[in-house]
Amino acid sequence: MQYRRFGRTDWQISEIGYGMWGMGGWTGSDDDQSLVSLQKAVELGCNFFDTAWGYGEGHSEGLLGKLVKANPDKKLYAATKIPPKNFQWPSKREYTSNDCFPPDHIEEYVESSLKNAGLNAFDLMQFHTWEDSWLKDEKVLQKMADLKAQGLFHAIGISINRWEPWNGVQAVKSGLIDAVQVIYNIFDQNPKDELFPACREQDVAVIARVPFDEGTLTGTLTKESTWPEGDWRNTYFVPENLNSSVDNADALKPLVPEGMTMPEMALRFILGESTVSTIIPGMRQLRHVEANIATSDKGALNDSLMAQLAEHRWDREPTEWSQ
Ligand SMILES: NC(=O)c1ccc[n+]([C@@H]2O[C@H](COP(=O)([O-])OP(=O)(O)OC[C@H]3O[C@@H](n4cnc5c(N)ncnc54)[C@H](OP(=O)(O)O)[C@@H]3O)[C@@H](O)[C@H]2O)c1
């Protein structure tokens, strides 16, 4: 495993981190399996774990707490997220800071997350939705600064809404946050336009989330794919999205070099972006952990393939189903 500096915090973070949404409640999750996979990741050098109160109302945070306690001799970086008070994803322009992150709500959910995980502090506390217009309300980041000063967490981050990388640039430029979490993958390359330059300028760490476009970039989806009842992916991969996603993934298949899989190509594409500190694939199965972590030592793709993949940029706008 290779490590990168996590922006101004100076933490050394594994290039492949761990996304813990799926194990918080996607259908087919099994806690015993998840804990085995998490422990394997630690043994293979992974030291960054991303969860949220919203991943099973604290369930995923509980798994992370168990992992941290099971590895007292290792420094594992624990990141979580405060849900918006209106519990609405995605955020919309008309939601105010008071609708989503009033100071008493921030404090209540920081305490709740610490309790769920059984930890005294998190390393990174993120807002689970974000609007740059909330910067005008000084109470929001002031409350975070106060809680940070109390030692309840050590760094502040925002998780930028799907397909809106522009809607976090002002927060980065404000100098008040330490990290951004944003969708960045072969399709979603638009954080390179404005967000990444701002992060470099302000030394803000970048967490690249959803590296497989929720599964499309594993190359395993078909236009007939469905998920068990209650799985959120049925509401995301509606026909309009599923059909175009499969078409765009199929267009990549001829580019996958011999001996490489599409998931490996997807992760190594992201490794080619030096502004990214860590990539957090969602993974519950052991074989996914092993395969994904192995990509770090293989490194970025060659320049010619990187250039070919850059042409598969797919700019999308949030819609009713995009969440
Ligand atoms: N608003 C937000 O802040 C927000 C939103 C979305 C995601 N996130 C964070 O980002 C993380 C990653 O996103 P995600 O989990 O939604 O999507 P993702 O990482 O794009 O895809 C996850 C899916 O890929 C599968 N997978 C993983 N490695 C694979 C491999 N090598 N080969 C084939 N399939 C593989 C996983 O299967 P298994 O699970 O069965 O192993 C899972 O079904 C989340 O877990 C969460 O921490 C944050």
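Up top is the structure.
To start, this report covers the structure provided alongside it. (Residues numbered from 1 in each chain as written. Predicted model: local features only at pLDDT ≥ 70, side-chain atom pairs only at ≥ 80, totals over all residues. Heavy atoms only, no water.)

Our next topic: the overall build of the protein chain. Within the protein chain, the secondary structure is distributed over 12 helices and 10 strands. In terms of overall dimensions, the protein chain is globule-like: its C-alpha atoms have a radius of gyration of 18 Å, near the 20 Å expected for 323 residues. Along the first, second and third principal axes, the C-alpha atoms of the protein chain reach 50 × 45 × 45 Å. Taken across its 323 residues, the protein chain has 57% of its residues classed as buried. For the protein chain, the share of sequence-separated contacts (at least 6 apart) that also reach a separation of at least 24 residues comes to 76%. Accessible area of the protein chain: about 13,300 Å², with a carbon and sulfur share of 48%. If the 31 positive side-chain charges of the protein chain are averaged to one point and the 47 negative ones to another, these points end up 2 Å apart. (Helix = DSSP H or I, 4+ residues; strand = E, 2+ residues; numbered from the N terminus. Rg over C-alpha atoms; globule rule 2.2 N^0.38 Å. Buried < 20%, exposed > 50% of the residue type's maximum accessible area, 1.4 Å probe, protein only. Contact = heavy atoms within 4.5 Å. Areas by Shrake-Rupley, 256 points an atom, 1.4 Å probe, with all protein chains shown as cover. Lys, Arg positive; Asp, Glu negative; His and termini not counted. Charge placed at Lys NZ, Arg CZ, Asp CG, Glu CD.)

It is worth spelling out the sheet that holds strand β6 (residues 122-127) at this point. Pairing is parallel in the open sheet, where eight strands are placed in the order β3-β4-β5-β6-β7-β8-β9-β10. The sheet is open, and its two edges are formed by β3 (18-19) and β10 (276-280), each paired on a single side. As defined by bridge partners, strand β5 (residues 77-82) adjoins β6 across four bridges and the pair is classed as parallel. Opposite I82, over in β6, you have F127 as the bridge partner. (Pairing = 2+ DSSP bridges.)

What surrounds the ligand is a group of 27 residues, the closest being D50, S159, E214, R284 and H288. Y55 has a polar side-chain atom sitting 3.4 Å from a nitrogen atom of the ligand. The contact in question runs from a nitrogen atom of the ligand to an N or O atom on the side chain of N292, over 2.9 Å. Expressed as a share of its isolated accessible area of 910 Å², the protein-covered part of the ligand is 91%. Looking at the shell around the ligand, its residues break down into 11 nonpolar, nine polar and seven charged. (Near = heavy atom within 4 Å. Polar contact = N/O pair within 3.5 Å; in protein donor to acceptor, adjacent residues only side chain to side chain. Nonpolar A, V, L, I, M, F, W, Y, C, P; charged D, E, K, R; others polar.)

β5 sits mainly inside the fold: six of its six residues count as buried. By the alternation rule, side chains of β5 split into Y77, A79 and K81 and A78, T80 and I82, which are all buried. Direction of pairing for strand β4 (residues 48-50) relative to β5: parallel, over a ladder of three bridges. Note on β5: the bridge partner recorded for F49 is A78. Handedness of the β4-helix α2 (residues 59-70)-β5 crossover: right-handed. (Right-handed = clockwise from strand over helix to strand, strands pointing away.)

As a further point, take the nonpolar core. As a rule of thumb, nonpolar side chains are buried together in soluble globular proteins. Counting 79 residues, the largest nonpolar core has Y18, F49, V180 and M265 as the members making the most contacts within it. Of all the elements, helix α10 (residues 262-271) adds the most residues to this core, at seven residues. Not counting chain neighbours up to four residues away, the residues in contact with F49 comprise Y18, M20, L38, V42, L64, L67, L76, Y77, A78 and A79. In terms of nonpolar packing, the next biggest core, distinct from the first, is built from 12 residues, F6, L124, A155 and A205 among them. (Core = buried A, V, L, I, M, F, W, Y, C linked by side-chain atoms within 4.5 Å.)

Moving on, we get to unusual backbone geometry. Peptide bonds are, in most cases, trans, and in most cases residues other than glycine have a negative phi. With an omega of -5°, the peptide bond between W89 and P90 qualifies as cis. Within the secondary structure, P90 sits in the loop between β5 and α3 (97-100). The phi dihedral of D10 is positive, around 70°, even though this residue is not glycine. D10 gets classed as partly exposed once you look at its relative accessible area, which sits at 49%. The phi dihedral of V210 falls on the positive side, at around 55°, and the residue is not glycine. By secondary structure assignment, the location of V210 is in the loop between β9 (205-209) and α8 (233-236). On the basis of relative accessible area, V210 is assigned to the buried category, the value being 14%.

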